[in-house]
Amino acid sequence: TSPSVTMMVQVTEDDMGKELSIRYSSEFNKYRTNLRSVYMGTQTQFLHMMWDEYMVDVFYGILYIAIAVIWFLIYFVLYFLFKQHTDVYYLGYFGLLFGAWILFNSRIRQFYLTDIFFADKASFVLLAVLVIPCLQFLNGRQEHRYQKSCLTICTFMVLNALTSFLMDFFGITDMGIS
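Rules used in this analysis
Residues numbered from 1 in each chain as written. Predicted model: local features only at pLDDT ≥ 70, side-chain atom pairs only at ≥ 80, totals over all residues. Heavy atoms only, no water. Helix = DSSP H or I, 4+ residues; strand = E, 2+ residues; numbered from the N terminus. Buried < 20%, exposed > 50% of the residue type's maximum accessible area, 1.4 Å probe, protein only. Expected span 1.5 Å × (residues − 1). Contact = heavy atoms within 4.5 Å. Phe/Tyr/Trp six-rings, centres within 6.5 Å; stacked < 30°, edge-to-face > 60°. Axes fitted to C-alpha atoms, helices over the stretch in contact; angles between N-to-C directions. Parallel < 35°, antiparallel > 145°, perpendicular 65-115°, else oblique. Left-handed = near helix turned anticlockwise from the far one by under 90°.

Just checking my understanding: could you explain unusual backbone geometry for this structure?
Within the chain, K83 stands out as a residue other than glycine whose phi angle is a positive 50°. Secondary-structure assignment places K83 in the loop between helix 1 (43–82) and helix 2 (88–104). Among the residues examined, K83 registers a relative accessible area of 62% and is labelled exposed. Even without glycine at this site, E143 takes up a positive phi of about 55°. Counting through the fold element by element, E143 comes out in the loop between helix 4 (131–141) and helix 5 (147–169).

Before we go on, may I ask you to explain helix 2 in this structure?
Each α-helix turn comprises 3.6 residues. Residues three or four places apart therefore point the same way. For helix 2, which comprises 17 residues, the first-to-last C-alpha distance of 24 Å matches the rise-based estimate of 24 Å (1.5 Å per residue) to within 8%. Here helix 2 has its buried residues at V88, Y89, Y90, G92, G95, F98, G99, A100, I102, L103 and F104. Among the structural elements, helix 1, helix 3 (116–129) and helix 4 are those in contact with the buried residues of helix 2.

Help me understand the packing of aromatic side chains, please; the structure alone is not making it clear to me.
Given two aromatic rings, one states the distance between the centres and the angle between the planes to describe the pair. All told, the structure shown has 13 aromatic pairs when counted by the stated rule. Relative to Y60, the ring of F59 has its centre 5.3 Å away and its plane inclined at 70°; by these criteria the two rings are edge-to-face. Relative accessible area serves as the criterion here: at 49%, F59 is assigned to the partly exposed category. Ring plane angle 75° and centroid distance 6.1 Å describe the contact between F104 and F118, whose orientation is recorded as edge-to-face. Taken together, the residues span a long stretch of sequence, with F104 in helix 2 and F118 in helix 3 at a distance of 14 residues. Since its relative accessible area comes to 52%, F118 is described here as exposed.

What exactly am I supposed to notice about the packing of helix 3 against helix 5 here?
To describe two helices that pack against each other, one gives the angle between their axes and the distance between the axes. Here helix 3 crosses helix 5 at 165°, and the two axes come no closer than 8 Å. With respect to helix 5, the axis of helix 3 lies roughly antiparallel. Here helix 3 and helix 5 pass one another in a crossing that is right-handed. Across the interface between the two elements, K121, V125, A128 and V129 of helix 3 pack against M157, N160, A161 and D168 of helix 5.

In structure tokens:
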């Protein structure tokens, strides 16, 4: 898949009455794409529309990262003040991964990230390993009864993420070399 990109095209008074067309091209024969809505207006109106429609993604991404920081702080307070080791840092890892996934997967990511193609690939990897902190936290709450199952699932999730990364790194798409 290709990450979605919003493109702003400046139209001047000289372009009045002319036909505008959008053409897609790709080096792949069977490349298909979807055209999102076309908006007309000033740059300020466009940015305001993007803010209204997609800023919720950024808000929730930052909220989950803030919750992750709170879980990490709770862990450090419990550890340093009471010398008590708890599994709440897994909740912090989950919040951090989930918040990053939301931010990397947002439709307005091109406005706060410089490389949206990296963000697109990173969102797949983050989604692939997102379950690991949850499994580890639940395993800890169950007094490590499911240790073998959790380690097996975590191993497969890491292998899945690593395979996805290597396939992208070497340019392998759809089980064929691109």
